[in-house]
Amino acid sequence: MQTTWKGTISFGLVSIPVHLYSATKEHDVPLHQVHARDGGRVRMKRYCEQEEKEVPYAEIAKGYESPDGRTVTLTDEDLADLPLPSKKIIDVLAFVDEGEIDPLMFSKAYYVGVADKAAAKPYALLRDALVESGQIAVTKIALRTRESPAVLRVHDGTLVLQTCIWPDEVRPAAGIAPEEKVTVRPQELKMARSLMETLSEDFDLDQLHDDYQQALQQVIEARLQGVEVPHEEEAGAAPDNVIDLMEALRSSLRQAKDAHPGRSRGEEAGESEDAEEEPAPRKRAAAKKSAAAKTTTKTTKTMKTTKTAKSAAKKTTTRKSATPRKAS
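About the thresholds
Residues numbered from 1 in each chain as written. Predicted model: local features only at pLDDT ≥ 70, side-chain atom pairs only at ≥ 80, totals over all residues. Heavy atoms only, no water. Helix = DSSP H or I, 4+ residues; strand = E, 2+ residues; numbered from the N terminus. Buried < 20%, exposed > 50% of the residue type's maximum accessible area, 1.4 Å probe, protein only. Areas by Shrake-Rupley, 256 points an atom, 1.4 Å probe, with all protein chains shown as cover. Axes fitted to C-alpha atoms, helices over the stretch in contact; angles between N-to-C directions. Parallel < 35°, antiparallel > 145°, perpendicular 65-115°, else oblique. Left-handed = near helix turned anticlockwise from the far one by under 90°. Contact = heavy atoms within 4.5 Å. Salt bridge = Lys/Arg side-chain N within 4 Å of Asp/Glu carboxyl O. Pairing = 2+ DSSP bridges. Phe/Tyr/Trp six-rings, centres within 6.5 Å; stacked < 30°, edge-to-face > 60°. Lys NZ or Arg CZ within 6 Å of the ring centre and 35° of its normal. Core = buried A, V, L, I, M, F, W, Y, C linked by side-chain atoms within 4.5 Å.

(A) Seen up close, the overall build of the protein. Of the regular secondary structure elements, the protein holds seven helices and twelve strands. A buried classification covers 19% of the 328 residues belonging to the protein. Summed over all atoms, the accessible surface of the protein reaches about 26,600 Å², with 54% contributed by carbon and sulfur.

Below you can see the structure in the form of structure tokens.
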């Protein structure tokens, strides 16, 4: 694996000589520009406007144009000699919980390897300390022509340096989410949670594949062989307005369960009963009427019981008063 950067991790007074290796790669079908009329290759040429001629890559430098139109030329030596402490040192600034870094800030990932055998023990010390604490290390690093904040974390027993963008480079999200107040009913939330659980069953991220790349490769093979390009049936248009959210959730849940037949019937029945708990106006009125009828019946029974008890007590009192007293 090709080394991307060489330097040192500074952890207090501990120094760890390391190399960085790109941890990810993107797979795609290589495409280049051609003339649509005849298929001729279209190439980009480096053209100097001042001399009106093409220039070789070796004579290319970077430049900056000021607001008043002046141009400053910067050579590779100028950029290499920038007085940056982070140019060759990854200085650990702090340790924080991973949740404190917004995922929007994460950028490119690099595996961190030791530069020599002497670095193995301090490397393992930092790695194990991060694992035991459950934290990540906040650092800064200069890569190529840019200094970036970064974090050190552990992945599969290996230190990973993940570059980040600066906090002020994250655009605000104000005005994007619906601003009007929306009420989500408990039944809708419960149905959505049930759908989430069903879709998550037996999910394996490693099983995902690039459908676009596969379809593009099929088109290229068809062109090479001179046969008809395969066409997939167009999917139906998505509804532009959800009228009944609960019905949409129920339909989604049914489709998800068909795709995940492993769920027990008991779970399905329980979720169905919970989802159907939303009473319609007629059902609520009937429920109130039934409850009122039960209350009336109960009150009537109580009144009858009280009346019977009073009648029995009155008869007992009458008998007692009618019994003659014995002579002394």
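(B) Region of interest: unusual backbone geometry. A positive phi angle is found at Glu52, which is not glycine, with a value near 55°. Looking at the element boundaries, Glu52 is found in the loop between strand E3 (47-48) and strand E4 (53-54). A relative accessible area of 60% means that Glu52 is categorised as exposed. In this structure, Asp156 is a non-glycine residue whose phi angle is positive, near 50°. Along the chain, the position of Asp156 falls in the loop between strand E11 (146-155) and strand E12 (158-164).

(C) Focus on the packing of helix H3 (residues 186-200) against helix H5 (residues 245-259). Relative to each other, H3 and H5 sit at 20°, their axes nearing to 9 Å. One finds that H3 runs roughly parallel with respect to H5. The hand of the H3/H5 crossing is left-handed. On H5, the residues touching Gln187, Glu188, Met191, Ala192, Ser194, Leu195, Thr198 and Leu199 of H3 are Leu245, Met246, Leu249, Arg250, Ser252, Leu253, Ala256 and Lys257.

(D) Quick look at the pattern of salt bridges. In the structure shown here, the tally under the stated rule is eight salt bridges. When the shortest N-O distance is used, the salt bridge between Lys53 and Glu51 registers 3.2 Å. Judged by its relative accessible area of 51%, Glu51 is exposed. Note that Arg185 and Glu188 form a salt bridge whose closest N and O atoms lie 2.8 Å from each other. Take Arg185: its relative accessible area is 34%, and that puts it in the partly exposed class. Classification of Glu188 by relative accessible area gives buried; the value is 8%. Three or more residues joined by partner-sharing salt bridges are found here, namely Glu247, Arg250 and Arg254.

(E) How the structure looks around the sheet that holds strand E9 (residues 106-114). The mixed open sheet is built from eight strands, whose spatial order is E7-E1-E2-E9-E12-E11-E10-E8. Only two strands of the sheet have a single partner each, and these edge strands are strand E7 (89-91) and strand E8 (94-97). Looking at each pair of strands side by side, their axes are set apart by 40° on average, direction ignored. Pairing between E9 and E12: four bridges, direction antiparallel. Counterpart to Tyr111 in the pairing with E12 is Val160. Contacts between helix H2 (residues 120-133) and the sheet are confined to strand E1 (3-11), strand E2 (14-22), E8, E9, strand E10 (135-143), E11 and E12, with E11 contributing the most and set at about 75° to the helix.

(F) Layout of the packing of aromatic side chains. Within this structure, the stated rule accounts for one aromatic pair. For the ring pair Phe11 and Phe95, a centre distance of 5.7 Å and an interplane angle of 75° mean the geometry is edge-to-face. Of this pair, Phe11 sits in strand E1 while Phe95 sits in strand E8, placing them 84 residues apart in sequence. Between Lys108 and the ring centre of Tyr110, over which it is positioned, the NZ or CZ distance is 5.8 Å.

(G) The nonpolar core, seen in detail. Counting 20 residues, the largest nonpolar core has Ile9, Leu20, Val112, Ile141, Leu152 and Leu161 as the members making the most contacts within it. Those elements that provide at least two residues to this core are E1, E2, E9, H2, E10, E11 and E12. If sequence neighbours within four positions are ignored, Val112 has contacts with Ile9, Val18, His19, Leu20, Tyr123, Leu152, Thr158, Leu159, Val160 and Leu161.

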